[in-house]
Amino acid sequence: MTGKEIDSVTGVETTGHVWDGDLKELNKPLPRWWLYVLYATIVWAIGYWIVYPAWPTLNDTYTKGVFDYSQRAEVGKEIAAAKEAQAKYFAEIAATPIGDIEKNQELLPFVMAGGAAVFGDKCGPCHGKGGGGAVGYPNLNDDDWLWGGTPEAIQHTIEVGIRSGHGEARDMAMPRFGLDGMLKRDEITDAAQFVLSLSGHGTDTAAAGRGAKIFTDNCAACHGDAGKGNQELGAPNLTDGIWLYGGKLADVEKTIETGRGGVMPYWSGRLDPVTLKMLAAYVHSLGGGK
Amino acid sequence: MNMMNRTSDLAAGENATAYARRQKIYPKLAHGTFRRIKWAVMAVTLGIYYVLPWLRWDRGPNLPDQAFLLDFANQRLFFGPIEIWAQELYYITGILILSALGLFLVTAVAGRMWCGYACPQTVWTDLMIVVERFWQGDRNARLRLDYGPWTFEKIWKKTGTHITWLLIAVATGGAFVFYFRDAPTLAHELVNGDAPMVAYAFLGIFTGTTYLLGGIAREQVCIYMCPWPRIQSAMYDVDSLLISYRDYRGEPRGPHKKGQSWEGRGDCIDCTACVAVCPMGIDIRDGSQMECIQCALCIDACDEIMQRVGRPQGLIAYDTFRNLDAPVHEARVPVRWFRPRTLLYTALILIVGGVMLTAWMNRAVLEVNVLHDRNPVFVQLSDGSLRNGYTVKILNKQHAARSFRIAISGLEGAGMTIVGMSGPEPTIDVVTDDLRALKVLVTVSAAKRGTLAGQATPFRFAVIDARDGSVIYHDATFRGPGDE
Ligand code: SF4
Ligand code: SF4
């Protein structure tokens, strides 16, 4: 750096830096307070390090700060406050019989929102986010229920599950008529034709006629003489057009041959009673409930 | 020592570095048209700011009667008869877009009009300078006071200034919090010490910033903190009217004695009156500068001088670069108002304004929203009938509880049930200012399935006001498996 240089046009001192041989920058200084503000922010930052948790330390923890502040604790407090705000609803849900929840217009929006959230979490993976179901996973929106569609029945199903291993689980499975040699190949086809005819879907009346006897002998015990099903045993109604494992001839044949028995986990003990109740009320509200 | 010219100051500075002491500016009081306009703008803007929260507006029972209120607790914005709900925030967005476009247009036409006349920083700084002038006198007196020793006079004059500044600052912060809560109630609470903490916090913040930015920092805010000066140069062009020194008329400048000829010299008598009044401490004769907020005070100052020396006014005036650079200058500049830029901004303002106005006119006090359930989109029931689920949301924006019925139109043989309600068309009560979401199930019986138009049958939900029978329709679709 040489001595000071004054730009002849403006009369302003230059910075002394030269670009491209002749370009020089004028020295237009920032106000000093600006610099002091920068220093102040640095001091502030250091204070911040001391006051709040800031630095990780070697032994896998961090400096705790002098205020004993913890974001985690703050969030915890907020959650507790939110829970407290909801407590009145929870108490009311606990006190209301499940059948009456839908009638309580004040409670219903809370139950719906809460139920939908848990449903999406716990039930959605199998039944679909809106309870639409899939092959092997019942559609919860229709009015066809294997184990009963009253709010109470739904709650019980959710609590104990189906073939879940729970002591009171809803248990009973469709036998393996083909695999276990109880029915022969053509008997299975005849029985399937008869089953399809119950809901008006049969195609081969002769086969269906032969199948009627087989049905009475083997299936009526659970599905009833008229094939209307039995919710005590979880036996599906075969006269409606709703099929859990498909309603084509091949589907029904396969069902008779290999048997069926899906599993639903039980939720008692894993969800608190109020949540279970909200969930049951929500499922009932999906539309199919009785 | 030349206090007026930062350029010469710096050049004179022996140890000029990257950081320099702030050059304090002592703006002199200007007299003239623009100063009068600025007084008027100051009176109006400050008047609105301080008085607005105290104006009342009767909205009936259970509603705030403050004409302008930002009601955060209930997520409403009240402005006279206008009421904006949180979900209608797009109106605010629209207003912000309009403001931005307005700023662009004004800048394209006449430079930093906003900065010079209406910006809060300018208005409050101007007010703070009035206070300073009241206690310490005009420019020369203030200079003398600042460069003189600390006397008793200096102490009480300075004290008086700062106390008045702080009082104004408190009033400003006070007015701010009144916008968010019923003003008379809050005023009472503030005095009694039981206002919400956040009210005190904001009062403190606004007191501090008003005092600091308006009283102390002043032009430093415009030069070093505000981004707008740096953006503005993209906003105006050679046809924009900017405050300019007409050097073709003024140069060569120099002192002029009464009776001397004006032949062969410019009109500028180098009196530096224009520099003395400048709140930014610049010399407009150096040309267009980033610091200039286009406040027009130098026009007033110079016009006064021109009158005194018997030369035509307008040596400093609103003028365009096109005219300044022209080989022949006209006294009256034919301004090109209609340029692509101004036309575009105007068109955009009209379009956005039109859209907002239309939206506002069609704004209903009842809003109906219908959401079709997904997964499954339709359900077949055991008797072969088809059912679709919908969430119907009714938003009652009227300040009275209302009752509705929901009906279906245009779907033959459809039945409807509402979860949690009995009967085919139950009465739905929606309380004041509230939203009610209902789960509605629509069923088409097996016998009527043939009447459906394939996979998607359009129909309408009718939401009927139980009292006056008025109906709002909402389009919906009934879905089914289609041809079987
Ligand atoms: S140069 Fe003139 S218009 Fe610009 S800030 Fe100064 S007094 Fe205002
Ligand atoms: S006020 Fe007018 S005459 Fe005086 S210095 Fe400024 S431009 Fe020249």
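- As recorded in an unreviewed UniProt entry, chain B goes by Cytochrome c oxidase accessory protein CcoG and comes from Hyphomicrobium album.

- As recorded in an unreviewed UniProt entry, chain A goes by the name Cbb3-type cytochrome c oxidase subunit, listed as coming from Hyphomicrobium album.
- Within the UniProt record for chain A, the comment given under Function (unreviewed entry) is "C-type cytochrome. Part of the cbb3-type cytochrome c oxidase complex. FixP subunit is required for transferring electrons from donor cytochrome c via its heme groups to FixO subunit. From there, electrons are shuttled to the catalytic binuclear center of FixN subunit where oxygen reduction takes place. The complex also functions as a proton pump."

Quick word on the overall build of chain A
Inference 1: Broken down by element type, chain A carries 10 helices and three strands.
Inference 2: For chain A, contacts bridging at least 24 residues in sequence account for 52% of all contacts bridging at least 6.
Inference 3: Carbon and sulfur atoms provide 59% of the accessible area of chain A, an area that totals close to 16,800 Å².

A short note on the environment of B:Phe34
Inference 1: Examined against the element boundaries, B:Phe34 turns out to sit in helix H2 (residues 33-51).
Inference 2: Taking the C-alpha atoms as reference points, B:Phe34 and B:Ala296, separated by 262 residues in sequence, lie 6.2 Å from one another.

A few points about the UniProt feature "binding site: heme c 2" (unreviewed entry) in chain A
Residues and elements named next belong to chain A.
Inference 1: Here, UniProt's "binding site: heme c 2" (unreviewed entry) annotation points to Met174, Cys219, Cys222 and His223. Across 50 residues in sequence, these annotated residues keep their C-alpha atoms within 10.2 Å of one another, forming a single compact spot.
Inference 2: In this fold, Met174 is placed in the loop between helix H5 (151-160) and helix H6 (185-198).
Inference 3: Structurally, His223 can be placed in helix H8 (residues 220-223).
Inference 4: With sequence-adjacent residues up to four places away left out, His223 is seen in contact with Met174, Phe215, Lys228, Gly229, Ala235, Pro236 and Leu238.

Looking at the UniProt feature "transmembrane region" (unreviewed entry) in chain B
Residue and element names in this part refer to chain B.
Inference 1: Mapped onto the present numbering, the UniProt feature "transmembrane region" (unreviewed entry) falls at residues 37-55, 89-110, 163-180, 200-217 and 342-361.
Inference 2: Here residues 89-110 is 95% helix and 0% strand, with 31 Å between the C-alpha atoms at its ends.
Inference 3: Secondary structure within residues 200-217 divides into 100% helix and 0% strand; the distance between the first and last C-alpha atoms comes to 24 Å.

So, the pattern of salt bridges
Inference 1: Enumeration over the complete set of coordinates arrives at 34 salt bridges over all chains.
Inference 2: Where A:Arg185 meets A:Glu253, a salt bridge forms, and the shortest distance between an N and an O atom there is 3.3 Å. A residue pair is termed long-range when its members are at least 10 positions apart, and A:Arg185 in helix H6 and A:Glu253 in helix H9 (residues 249-258) qualify at 68 residues.
Inference 3: Using a relative accessible area of 48% as the deciding quantity, one classes A:Arg185 as partly exposed.
Inference 4: With relative accessibility at 12%, the residue A:Glu253 sits in the buried group.
Inference 5: For B:Arg285, the salt bridge identified is with B:Asp283, shortest N-O distance 3.1 Å.
Inference 6: Under the relative-accessibility criterion, B:Arg285 is labelled buried at 10%.

A short note on the site of ligand 1
Inference 1: Around ligand 1 sit B:Ile243, B:Cys278, B:Pro279, B:Met280, B:Ile282, B:Ile284, B:Cys292, B:Ile293, B:Gln294, B:Cys295, B:Ala296 and B:Cys298, and those are all the residues in its vicinity.
Inference 2: Looking at the shell around ligand 1 residue by residue, the classes come out as 11 nonpolar, one polar and no charged.

Focus: the interface of chain B and chain A
Inference 1: Every contact between the two is made by 29 residues of chain B and, on the other side, 37 residues of chain A.
Inference 2: The junction of chain B with chain A conceals about 2,600 Å² of combined surface from both sides, 56% of it contributed by carbon and sulfur atoms.
Inference 3: The three residues of chain B that bury the most area against chain A are B:Tyr19, B:Tyr224 and B:Ser382, which together make up 23% of that side's buried surface.
Inference 4: Viewed at the interface, chain A and chain B are joined by zero salt bridges.

Some thoughts on the packing of aromatic side chains
All names here are of chain A.
Inference 1: Tallied over the entire structure, the rule returns 34 aromatic pairs over all chains.
Inference 2: Geometrically, the ring pair formed by Tyr89 and Phe110 is stacked, given 4.4 Å between the ring centres and 10° between the ring planes. Remark: Phe110 occurs in helix H4 (residues 108-127) and Tyr89 occurs in helix H2 (residues 71-95); sequence separation between them is 21 residues.
Inference 3: Looking at Tyr89, the relative accessible area reads 24%, which means it is partly exposed.
Inference 4: Judged by relative accessible area, which is 18%, Phe110 ranks as buried.
Inference 5: Seen in terms of ring centroids, Phe194 and Phe215 are 5.2 Å apart; in terms of plane orientation they differ by 50°. Their pairing is tilted.

A closer look at the site of ligand 2
Residue and element names in this part refer to chain B.
Inference 1: In the neighbourhood of ligand 2, 13 residues make up the surrounding shell, with Cys268, Cys271, Thr272, Cys274 and Cys302 lying closest.
Inference 2: Looking at the shell around ligand 2, the elements that each hand over two or more residues are helix H13 (273-277) and helix H14 (297-309).
Inference 3: By residue class, the composition of the shell around ligand 2 is 10 nonpolar, one polar and two charged.

Examining the layout of surface pockets
Residues and elements named next belong to chain B.
Inference 1: By volume, the second largest pocket amounts to about 1,200 Å³.
Inference 2: In terms of lining residues, the second largest pocket is bounded by 32 residues, among which Phe68, Phe79, Ile95, Leu96 and Ser99 are the most central.
Inference 3: Elements supplying a minimum of two residues to the lining of the second largest pocket: H2, strand S2 (68-71), strand S3 (76-79), strand S4 (82-85), helix H3 (90-110), helix H4 (113-118), helix H5 (120-136) and helix H16 (340-361).
Inference 4: Among the elements that take part in the lining of the second largest pocket, H3 stands out by supplying nine residues, more than any other.
Inference 5: Considering only residue class, the lining of the second largest pocket consists of 28 nonpolar, four polar and no charged.

Some thoughts on H2(B)
Residues and elements named next belong to chain B.
Inference 1: Its 19 residues place the ends of H2 27 Å apart at the C-alpha level, agreeing with the 27 Å of an ideal helix rising 1.5 Å per residue.
Inference 2: The set of residues buried in H2 consists of Phe34, Arg35, Lys38, Met42, Leu46 and Tyr49. For H2, the buried positions fall inside an angular range of 90° around the axis, keeping them on one side. Turned more than 90 degrees away from the buried face of H2, the exposed residues are Arg36, Ala43 and Val44.

Comments concerning empty space enclosed by the protein
All names here are of chain B.
Inference 1: Evaluated as defined, the whole model comprises six cavities of 30 Å³ or more.
Inference 2: Forming the boundary of the largest cavity are 23 residues, of which Thr122, Thr125, Asp126, Ile129 and Pro279 lie nearest the centre.
Inference 3: In terms of residues, the lining of the largest cavity owes the most to one element, H5, which gives seven residues.
Inference 4: Grouping the constituent residues of the lining of the largest cavity by class yields 13 nonpolar, three polar and seven charged.

Calculation criteria
- Within any chain, residue numbers begin from 1 and follow the written order of that chain's sequence.
- Each chain is given a letter, starting from A, and each ligand a number, starting from 1, according to the order in which they appear as written.
- Reporting of local features is limited, given that this is a predicted model, to residues whose pLDDT is at least 70; pairs of side-chain atoms are given and counted only at 80 or more, and all residues count toward the totals for whole chains, interfaces and linings.
- Hydrogen atoms and water are omitted, and side-chain values are computed over all heavy atoms in the structure.
- UniProt positions are given in the numbering used here, feature names are shortened, and annotations may be inferred rather than shown by experiment.
- Helix and strand assignments come from DSSP, with helices taken as H or I runs of at least 4 residues and strands as E runs of at least 2, each series counted from the N terminus.
- It only takes one pair of heavy atoms within 4.5 Å for two residues to be counted as in contact.
- Shrake-Rupley sampling with a 1.4 Å probe provides the accessible areas, and residues are treated as covered by the protein chains on show and by no other component.
- Think of a salt bridge as a Lys or Arg side-chain nitrogen and an Asp or Glu carboxyl oxygen that are within 4 Å of each other.
- With a 1.4 Å probe rolled over the protein chains alone, any residue whose accessible area is under 20% of its type maximum counts as buried; one over 50% counts as exposed, and the rest are partly exposed.
- Near, as used in this document, describes a residue that has one of its heavy atoms within 4 Å of the molecule or strand being considered.
- Side-chain classes are defined by residue name, with Ala, Val, Leu, Ile, Met, Phe, Trp, Tyr, Cys and Pro counting as nonpolar, Asp, Glu, Lys and Arg as charged, and the others, Gly among them, as polar.
- When two parts are put together, the accessible area they lose, computed with a 1.4 Å probe and summed over both, is reported as buried area.
- Pairing of aromatic rings covers Phe, Tyr and Trp, the last through its six-membered ring, and needs centres within 6.5 Å; plane angles under 30 degrees mean stacked, over 60 mean edge-to-face, and all others mean tilted.
- Cavity: a set of points on a 1 Å grid over the protein atoms alone where a 1.4 Å probe fits but cannot get out. Pocket: an open set with protein on both sides within 12 Å along at least five of seven lines, its lining residues, like those of a cavity, having an atom within 4 Å of a point.
- Grid points are joined across faces, edges and corners, and a volume is the space filled by probe spheres set on the points.
- One fewer than the residue count of a helix, multiplied by 1.5 Å, yields its expected span.
- Here the arc refers to the set of directions running from the helix axis out to each C-beta atom.

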